[in-house]
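Here is how the chains run, residue by residue.
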Amino acid sequence: MKSKRATKGMGSVSEYLPGKWRGWVDLGNDIETGKRLRKSFTGKSHTEVVNKMKQVLEEKRKGVAVINNAITFYEFSNRWLDTKENRVKLSSYMGYKDTCKGHFKDFFGHMQMQKVTTAVINNYLNKKMKEGRASSSLTRQRTLLHNIFELAVSEGVIGTNPVRGTTSLIKTNKETHSLLPEDIEKILETAKAYDNREREHGKMSTRMYPLIYIAIATGARRGELLGLQWDAIDFDLGRIAIRQNLVEVSGEIIIDTPKTDGSRRVIAVGQDVLDILKELKDSQKVETEWVFTTRSGQYVYPSNIAGGFKTIRSLAGLSHIRFHDLRHTHAPLLTGSGVDVLTVSSR
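All of these numbers come straight from a predicted model, not from anything done at the bench. (Residues numbered from 1 in each chain as written. Predicted model: local features only at pLDDT ≥ 70, side-chain atom pairs only at ≥ 80, totals over all residues. Heavy atoms only, no water.)

Caption draft 1: Up close: the side chain of Thr206. Within the element layout of this structure, Thr206 appears in the loop between helix H6 (181-200) and helix H7 (208-218). Of the polar contacts made by the side chain of Thr206, one reaches the backbone oxygen of Thr293; its length is 3.1 Å. For Thr206, the residues in contact, after removing those within four places along its chain, are Asp195, Thr293, Thr294, Val300 and Ile305. (Helix = DSSP H or I, 4+ residues; strand = E, 2+ residues; numbered from the N terminus. Polar contact = N/O pair within 3.5 Å; in protein donor to acceptor, adjacent residues only side chain to side chain. Contact = heavy atoms within 4.5 Å.)

Caption draft 2: A look at the pattern of salt bridges. This model, assessed by the stated rule, comprises 10 salt bridges. A salt bridge links Glu48 to Lys52; the nearest nitrogen and oxygen atoms lie 3.5 Å apart. Here Lys52 and Glu48 lie together in helix H1 (residues 46-62), a separation of 4 residues that amounts to about one turn. (Salt bridge = Lys/Arg side-chain N within 4 Å of Asp/Glu carboxyl O.)

Caption draft 3: Main features of the environment of Arg322. In this structure, Arg322 sits in the loop between helix H10 (302-315) and helix H11 (323-336). Taking the relative accessible area as the measure of exposure, Arg322 reaches 26% and is therefore partly exposed. For the pair formed by Arg322 and Ala306, sequence separation is 16 residues and the distance between their alpha carbons is 8.9 Å. (Buried < 20%, exposed > 50% of the residue type's maximum accessible area, 1.4 Å probe, protein only.)

Caption draft 4: Representation of the environment of Arg295 within the structure. Along the chain, Arg295 turns up in the loop between helix H9 (271-283) and H10. Residue Arg295 is classed as exposed on the basis of its relative accessible area, which comes to 55%. Sequence spacing of Arg295 and Thr206 is 89 residues, and the spatial spacing of their C-alpha atoms is 7.1 Å.

Caption draft 5: Region of the structure containing helix H3 (residues 90-108). Relative to the 27 Å expected for 19 residues at 1.5 Å per residue, H3 spans 25 Å between its end C-alpha atoms, a close match to the ideal helical length. Approximately 30 degrees is the largest bend angle found in H3, and it occurs at Cys100. Within H3 the residues assigned to the buried category are Ser91, Tyr93, Met94, Thr99, Cys100, His103, Phe104 and Phe108. Where H3 is buried, its residues contact helix H2 (73-84), helix H4 (118-130), helix H5 (135-154), strand E7 (245-249) and strand E8 (252-256). (Expected span 1.5 Å × (residues − 1). Bend = angle between axes of the 7 residues up to and from the residue.)

Caption draft 6: Looking closely at the environment of Gly238. Its place among the elements puts Gly238 in the loop between strand E5 (233-234) and strand E6 (239-242). The class of Gly238 is buried, set by a relative accessible area of 5%. A sequence separation of 36 residues divides Gly238 from Leu274, and the C-alpha atoms of the two residues are 6.9 Å apart. When sequence neighbours within four positions are dropped, the list of residues in contact with Gly238 reads Ile267, Ala268, Val269 and Leu274.

Caption draft 7: A look at H4. Across its 13 residues, H4 extends 18 Å between first and last C-alpha, which sits within 8% of the 18 Å expected from 1.5 Å per residue. Within H4, burial applies to Val120, Ile121, Asn122, Tyr124, Leu125 and Lys128. Structurally, H4 contributes buried residues whose contacts are with H3 and H5.

Caption draft 8: Region of interest: the packing of aromatic side chains. Within the structure shown, the criterion is met by 14 aromatic pairs. Ring plane angle 35 degrees and centroid distance 5.7 Å describe the contact between Phe73 and Phe149, whose orientation is recorded as tilted. With a gap of 76 residues between them, Phe73 in helix H2 and Phe149 in helix H5 connect regions that are remote in the sequence. Here the two residues Phe73 and Phe149 agree in accessibility, since each one is buried. Ring plane angle 65 degrees and centroid distance 5.4 Å describe the contact between Trp80 and Tyr96, whose orientation is recorded as edge-to-face. Note that Trp80 is positioned in helix H2 and Tyr96 in helix H3, a separation of 16 residues in sequence. Judged by relative accessible area, Trp80 falls into the buried class, the value being 4%. Residue classification places Tyr96 among the partly exposed residues on the basis of a relative accessible area of 28%. Through a chain of ring-to-ring contacts, the aromatic side chains of Phe73, Phe104, Phe107, Phe108, Tyr124 and Phe149 assemble into a single cluster. The ring of Tyr74 is capped by Lys105, whose NZ or CZ atom sits 4.4 Å from the centre of that ring. (Phe/Tyr/Trp six-rings, centres within 6.5 Å; stacked < 30°, edge-to-face > 60°. Lys NZ or Arg CZ within 6 Å of the ring centre and 35° of its normal.)

Caption draft 9: Layout of the packing of H3 against H4. Interhelical geometry of H3 versus H4 gives an angle of 125 degrees and a closest axis separation of 11 Å. On the basis of their axis angle, the class for H3 and H4 is oblique. The crossing of H3 and H4 is right-handed. On H4, the residues that touch His103, Phe104, Phe107 and Phe108 of H3 are Val120, Asn123, Tyr124, Lys127 and Lys128. The residue makeup of the contact of H3 with H4, split by class, is 5 nonpolar, 2 polar and 2 charged. (Axes fitted to C-alpha atoms, helices over the stretch in contact; angles between N-to-C directions. Parallel < 35°, antiparallel > 145°, perpendicular 65-115°, else oblique. Left-handed = near helix turned anticlockwise from the far one by under 90°. Nonpolar A, V, L, I, M, F, W, Y, C, P; charged D, E, K, R; others polar.)

Okay, here's the thing in structure tokens:
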């Protein structure tokens, strides 16, 4: 058997049968096992095999050689999640995990990483758009995919990031609605009637009227209000401190810091809000640290609030209104009353 030494960095090339040559190159370590990875080549001549080996080594040098052919997208996405678990907010991590498991896994979780091409990702995004997924949601998903594949590139699992070539998404902004004064009166009256009816039938859990009133009066987000505790209320100075955010991810409650650093703030409120808060506190049957609670004094799941608000807006004839629109309603009310616009935007 003939054997010839190949170019530096390559293994030997040998003729294992008449007119049949083979050789191998070292592609580094497997990211999961740490074992050395080699790739073998065959050809009809020494030159043919050496050229194949040189091509792969050049691709490796440029960062386009695939080292681990077996790992699937789902397996690697779990690896990416592991790198983020202690580096991002818990709510962000749970959101990433939910997207990987609830969206990506079914579509291409089983595919090997190098087989998830730009075309595959475009097909996924197009499918989600046809299903009615908002462009803002898809933009976040594409960013998540980009970050996962960037790690794969940096670790040599794939050569290039397939997300970079995906088709641009058409931006579709959800229309926001600011309630007119008569709409505010209508939804508050309906919320109060809803609470009274629930109380009469023994179904009363979370009171919706105080929640909706304070949402309109403060411009606070739903999660910020549900995360409120009594020690954040200063009845003497008339202030509410926004310190935390309560969110629900895959049926689990996560209590985290507010959405952004600037979201940690103190909001000045009027006597009307303080009176509602005092009445709410006096009505609580059990001692609790939470402002908005269930009958047992526990925090409230946002999904339960969504159901109650949906009923109220329907009864009020305002089915197009979302809870988040209450936050947008707050700004026009303040600007209309002469409050500085910068003060409004800081809330």
